[in-house]
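A closer look at the structure
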Amino acid sequence: MPILIAALLWGTTGTASSLAPAGTPATGIGSAALVLGGLLLFLTDRTAWTLPRRCGTRERWLLAMGAVAVTGYPLTFYPAVTRTGVAVATVIALGSAPVFTGLLGWLARQGRPSGRWAGATALAVLGCGVLVLGPELAGGGAAVDPVGVLLAALSGLSYAVYSLIGGRLIAAGHPSAGVMGTMFGGAALLVLPVLLGGSVQWLASARGTGVVLHLAVITTFLAYRLFGHGLRHTSAQTATTLTLAEPAVAAVLGVAALGERLPAVSWCGLAVLAGGLAFLALPGRR
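Residues numbered from 1 in each chain as written. Predicted model: local features only at pLDDT ≥ 70, side-chain atom pairs only at ≥ 80, totals over all residues. Heavy atoms only, no water.

Let's talk about helix α1 (residues 2-10)
Put simply, the rule is: Here the term buried applies to any residue with accessible area under 20% of the maximum for its type, exposed to any over 50%, and partly exposed to those in between, with areas from a 1.4 Å probe on protein chains only. Labels follow the DSSP assignment, with helices taken as runs of H or I lasting at least four residues and strands as runs of E lasting at least two, numbered in each case from the N terminus. Relevant arc is that of directions from the helix axis to the C-beta atoms, nothing else.
Taken as a whole, α1 has its buried residues at I3, A6, A7, L9 and W10. Burial along α1 is one-sided: seen end-on, the buried residues are contained in an arc of 160°.

Structure, rendered in structure tokens:
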């Protein structure tokens, strides 16, 4: 349940970002949200302050790799959105993340994905693709930028890496809030030069400040606290599949709040996605 709530909060990202002042750089929005949200995750949990000292050398390297992976997500996803559009970037990033997580977890000997997970993930990814790409499928989609596709796939890989690292450290007995706080606090410092190196005038406006506060507090600080708590009780493979609920939330929010319209094929995709997530979330027979 915490992971699904986190996905619900992440589903507000697109709507919130669309309210930013015109001309705001995509990487600027993502970097500002990560800097503020990451620092909030780090500063509000004391275990994050001492975790690197209490870890062994191997775990410190994992924390460092996790921070780099967290940094990679906004630096690849938002440019992918600019090049390919929200729909294509979302499908590739979120659809590839569970696949990367399953493969990397298997290679790292964190458990072989089950047939139940593989079936539910395939169904959810299919439903996600049909839901998000429905308007383009109905109207004849435009050519896709290969660089944008690569960037979106890299963002999915980044998400998979820090989810696996977080899950591994939490399973080793470290507090979930401390693990997330350390990784995101480190990522905030790494991405700070990117934010300061670009235009920050948009942050001085009320709309710019409001968008960043929402993305930092709601979709970063609160959502990743919930996501980390969920990783204590759920494998990273299952967690990344459950977060495919994010585009469903975003689509419904767009219809309800922004007056957008979805074609029938998108509603069919939403039903398939919901079925896949329900199949994965419901307890199986013993």
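Section: the packing of helix α5 (residues 57-84) against helix α8 (residues 146-171)
Which entries qualify depends on this criterion: Axis definition: a line fit to C-alpha positions, over the contact stretch in the case of helices; interaxial angles, taken between N-to-C directions, run 0 to 180 degrees. Angles are sorted into four bins: roughly parallel if under 35 degrees, roughly antiparallel if over 145, roughly perpendicular if 65 to 115, and oblique for all others. For any helix crossing, the convention is left-handed if the near helix is rotated counterclockwise from the far helix by under a right angle, and right-handed if that rotation is clockwise. Classes in brief: Ala, Val, Leu, Ile, Met, Phe, Trp, Tyr, Cys and Pro nonpolar; Asp, Glu, Lys and Arg charged; the others, Gly included, polar.
Here α5 crosses α8 at 150°, and the two axes come no closer than 7 Å. Relative to α8, the element α5 is oriented roughly antiparallel. Where α5 crosses over α8, the handedness of that crossing is left-handed. Residue classes in the contact of α5 with α8 are distributed as 19 nonpolar, 7 polar and 4 charged.

Considerations on the packing of helix α3 (residues 26-43) against α5
Just so we agree on the cut-off: Residues count as neighbours in contact if any of their non-hydrogen atoms are within 4.5 Å of one another.
For the pair α3 and α5, the least separation of the axes is 8 Å and the interaxial angle reads 155°. Compared by their axis directions, α3 and α5 come out roughly antiparallel. Of the two elements, α3 crosses α5, and the hand of that crossing is right-handed. On α5, the residues that touch A26, T27, G30, S31 and L34 of α3 are V70, T71, P74, L75, Y78, P79 and T82. In terms of residue class, the contact of α3 with α5 is built from 7 nonpolar, 5 polar and no charged.

Digging into the environment of G186
Tracing the sequence through the fold places G186 in helix α9 (residues 176-197). G186 sits in the partly exposed class, given a relative accessible area of 23%. Spatially, the C-alpha atom of G186 lies 10.0 Å from that of M65, the residues being 121 residues apart in sequence.

Remarks on the side chain of T71
Residue placement: T71 occurs in helix α5. The residues contacting T71, other than those within four sequence positions of it, are L34, A187, L190 and V191.

Notes on the nonpolar core
We apply this condition: Buried residues of nine kinds, namely Ala, Val, Leu, Ile, Met, Phe, Trp, Tyr and Cys, make up a nonpolar core once their side-chain atoms join them within 4.5 Å.
Judged by nonpolar contacts, the single largest core of 52 residues is most densely connected at Y162, F184, Y224 and F227. Here Y162 is in contact with G66, A69, V70, Y73, M183, F184 and Y224, once residues within four sequence places are set aside. Counting residues in each nonpolar core, the second largest holds 6 residues, with L94, A124, L244 and A248 among its members.

Topic: the packing of aromatic side chains
Just so we agree on the cut-off: Between rings of Phe, Tyr and Trp, where Trp is taken as its six-membered ring, a pair exists when centres lie within 6.5 Å; planes separated by under 30 degrees are stacked, by over 60 edge-to-face, and by other angles tilted.
Taken as a whole and assessed by the stated rule, the structure comprises 8 aromatic pairs. For the ring pair Y162 and F184, a centre distance of 6.0 Å and an interplane angle of 80° mean the geometry is edge-to-face. Remark: F184 occurs in helix α9 and Y162 occurs in helix α8; sequence separation between them is 22 residues. Taken together, the ring pairs in this structure connect Y73, F77, Y159, Y162, F184, Y224 and F227 into an aromatic cluster.

Considering the side chain of S155
Structurally, S155 is set in helix α8. Residue S155 is classed as buried on the basis of its relative accessible area, which comes to 0%. Discounting residues that sit within four places of it in the chain, S155 has contacts with Y73, T76, F77 and A93.

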